[in-house]
Amino acid sequence: MGRKAEFEGNVSFDECSKEEYIKQMDDLLASHGLLEKFVYNTEIWNTVTGDDGLFVIKLDEDNIVKAKNVIVSVGRMGKPNKPGYKFPRAIRPRLNFNLSNVCNGEKVMIVGGGDTAGEYAYGLVELEDMQDCTVTLNYRKPTITRMNPMNTEMTTKYLDNGKLINKMGVDVEGVEVDGDPGEERVKVNFTDGTSEVYERVVYALGGTSPVDFLVNSKIDVGRWDEPLMDEKTMETNIKGLYTIGDVVTDQGSIALAFNHASYVMNDIVAKNK
Ligand SMILES: Cc1cc2nc3c(=O)[nH]c(=O)nc-3n(C[C@H](O)[C@H](O)[C@H](O)COP(=O)(O)OP(=O)(O)OC[C@H]3O[C@@H](n4cnc5c(N)ncnc54)[C@H](O)[C@@H]3O)c2cc1C
């Protein structure tokens, strides 16, 4: 976006592809013995303090983690923005908010006009193991106005050469089930009266504050349901409970999230001296 990312802590990365970035981070975590400490595929609902003053994080019925400090960095995509129309139950598995369920060979439509929509659309066109997909980009406006220059260039390139099917300048009115039970597809009805059947529709409409998580954790929130915290330390109204990254800002930057983490660690270290 033309903004220079200044890293203030010990962790940084060089500009690279998403895959290279994930590898860099995995290597870094592994080299510090942290990678195996991640608990994946586990949703937590809140974090509250127990009688002993430690935070309790419930992983499932049988497992809890206790911690002296907690950093909430749940982002915003746990609560993605959804369109106003209903999602019929039979096709809900085919209506997604990221690319993780897309299979090679599918006819996919990406909905949205921002950077995420652009990156999903041209990313899918470029992914080596998704070369048999047919990808359409749908945006209610006729031209790209909200993407950064690089994403605009990439998306435009594939729209122009036909690798990305252009369904811009028209909104989706609703979706309905097409096909027999067990073989349901998504029939998309557009506001110009046209319809098209897709195997998958991916909405890239951004996300909102995970206010339930914050309120259940007794974190004070502001006017836009954003968590309130001390901007120097990232500590919330609850001592030892911090919040960082996308959940506190809509500017969405890895460098910013890393810097937030650095402020927290400095505060924790200072308090434990
Ligand atoms: C398509 C796209 C491209 C981007 N490109 C760039 C880029 O090039 N450069 C850049 O700097 N930034 C980029 N960003 C922004 C960047 O990804 C974010 O700013 C950054 O990931 C924020 O990190 P985070 O940890 O705050 O949140 P996230 O990365 O969103 O991580 C939050 C994590 O918490 C998990 N979670 C949520 N709720 C719960 C729960 N209740 N229990 C357990 N886990 C939960 C989520 O599953 C997720 O794994 C991009 C974002 C998108 C969507």
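Here, residues in each chain are numbered from 1, in the same order as that chain's written sequence. pLDDT decides what is reported in this predicted model: residues at 70 or higher carry local features, side-chain atom pairs at 80 or more are listed and counted, and totals for whole chains, interfaces and linings draw on all residues regardless.

*Asks:* I'd like a rundown of the nonpolar core, residues and numbers included.
*Replies:* Within the largest apolar cluster, 26 residues are counted, with the highest numbers of intra-cluster contacts made by V108, I110, A121, V201 and V202. Where helices and strands are cited, they refer to DSSP runs of H or I of at least four residues and of E of at least two residues respectively, numbered from the N terminus. Contributing elements (two or more residues each) for this core: β6 (107-111), α2 (115-126), β7 (134-139), β10 (185-190) and β12 (200-203). With six residues, the single largest contributor to this core is α2. Our contact criterion uses C-beta atoms placed from the backbone: two residues qualify when those atoms are within 7 Å. Not counting the four nearest positions on each side in its chain, I110 is found in contact with A117, Y120, A121, V135, L137, N138, V202 and A204. To form a nonpolar core, buried Ala, Val, Leu, Ile, Met, Phe, Trp, Tyr and Cys residues must be joined through C-beta atoms within 7 Å. Whether a residue is buried, exposed or partly exposed follows from its count of other C-beta atoms within 10 Å of its own C-beta, namely 20 or more, 12 or fewer, or something in between, respectively; the C-beta atoms are built from the backbone. Among the nonpolar cores identified, the runner-up in size contains 16 residues, and F213, L214, M229 and V248 belong to it.

*Asks:* Can you break down the sheet that holds β12 residue by residue, with the values?
*Replies:* Through backbone hydrogen bonds, the strands of a sheet pair up, either in parallel or in antiparallel fashion. The strand order across the open sheet formed by five strands is β5-β12-β6-β7-β8, and the pairing between neighbours is parallel. Looking at which strands have only one partner, the edges of the open sheet turn out to be β5 (95-96) and β8 (164-168). Orientation is described by axes fitted as lines to C-alpha atoms, over the contacting stretch for helices, and by angles from 0 to 180 degrees between their N-to-C directions. Against the sheet, α2 touches β6, β7, β8 and β12, its axis set at about 165° to β7. The sheet strands contacting helix α3 (residues 149-160) are β7 and β8, and the helix crosses β8 at an angle near 100°. DSSP bridges decide pairing: two strands pair if at least two such bridges lie between them.

*Asks:* Which residues make up α3, and what are the values?
*Replies:* For an α-helix, 3.6 residues make a turn, and residues three or four places apart therefore share a direction. In a helix, the anticipated span is given by 1.5 Å times the number of residues less one. Taking 1.5 Å of rise per residue, the 12 residues of α3 would be expected to cover 16 Å, and the 16 Å separating its terminal C-alpha atoms lies within 8% of that figure. Regarding α3, the residues found buried are N151, T155 and Y158. Looking straight down α3, one finds its buried side chains confined to an arc of 65°; they lie on one side. In this structure, α3 carries P149, M150 and D160 as exposed residues pointing more than 90 degrees from its buried face. Against α2, β7 and β8 lie the buried residues of α3. G162 lies just past α3 and shows a positive phi near 85°. To be clear, the arc concerns the directions from the helix axis to the C-beta atoms.

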